[in-house]
Amino acid sequence: MGAKFFADKNSFSQPCEDFYMGPQNPQGAPTYAVQPTDLARLTTFNSAVPVAVTVPTPVNADPVCSYGGTPNFYRGWFGVYKNIGGANCTFTPVGSVIDNVGSVILAPGQSFTLYSNGVNWWTF
């Protein structure tokens, strides 16, 4: 069983939802928008042409069920991205930055984890 999210971060008596490293999310189109459902999932890009990836604005909130149980880009949200194609993937955030810059390139063969601190995005 995966880790638990809880409805109240101070009370571990109300489990919100289980999550685990979900199934792979393969992508082949020249554009992609990071989705809340990318949470704890490996998204792969396999394209011979450059891929433009839009990264939404993070949500400065704790991961609680105040979103109706729907994943969002809250503090602590993360997804794993890997470029298995032959061209660069450029991740460009909307309303924030990634690693204190305007965009980040994921070259062929590279991967990173995209992490939200609720204000901006970080890679590792």
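Residues numbered from 1 in each chain as written. Predicted model: local features only at pLDDT ≥ 70, side-chain atom pairs only at ≥ 80, totals over all residues. Heavy atoms only, no water.

To continue, consider the sheet that holds strand β9 (residues 104-106). The four strands are arranged β4-β6-β8-β9 in an open sheet whose pairing can be described as mixed. Edge positions in the open sheet fall to β4 (31-33) and β9, since each of these has one partner strand only. Across the sheet, the mean angle separating the axes of adjacent strands is 20° when strand polarity is ignored. Bridge analysis of strand β6 (residues 51-55) against strand β8 (residues 89-93) gives five bridges, and the strand direction is parallel. Paired with Thr54 across the two strands is Thr92, which belongs to β8. (Pairing = 2+ DSSP bridges. Helix = DSSP H or I, 4+ residues; strand = E, 2+ residues; numbered from the N terminus. Axes fitted to C-alpha atoms, helices over the stretch in contact; angles between N-to-C directions.)

What follows concerns unusual backbone geometry. Backbone geometry places Ala40, a non-glycine residue, at a positive phi of 55°. Its place among the elements puts Ala40 in the loop between β4 and β5 (41-45). Of the residues examined, Ala40 reaches a relative accessible area of 1% and is grouped as buried. Phi angles above zero are rare outside glycine, and Asp99 is one such case at about 55°. Take Asp99: it is sitting in the loop between β8 and β9. For Asp99, a relative accessible area of 27% puts it in the partly exposed group. (Buried < 20%, exposed > 50% of the residue type's maximum accessible area, 1.4 Å probe, protein only.)

Tracing the backbone shows Thr113 in strand β10 (residues 111-116). Setting aside residues no more than four positions away along its own chain, Thr113 makes contact with Phe78, Gly79, Val80, Trp122, Thr123 and Phe124. (Contact = heavy atoms within 4.5 Å.)

Here the focus is the nonpolar core. By size, the foremost hydrophobic cluster in this structure holds 20 residues, and its most contacted members are Val34, Phe45, Val53, Trp77, Tyr81, Phe91 and Leu114. Sequence-distant contacts of Val53, defined by excluding residues within four places in its chain, comprise Tyr32, Val34, Phe45, Cys89, Thr90, Phe91 and Thr92. (Core = buried A, V, L, I, M, F, W, Y, C linked by side-chain atoms within 4.5 Å.)

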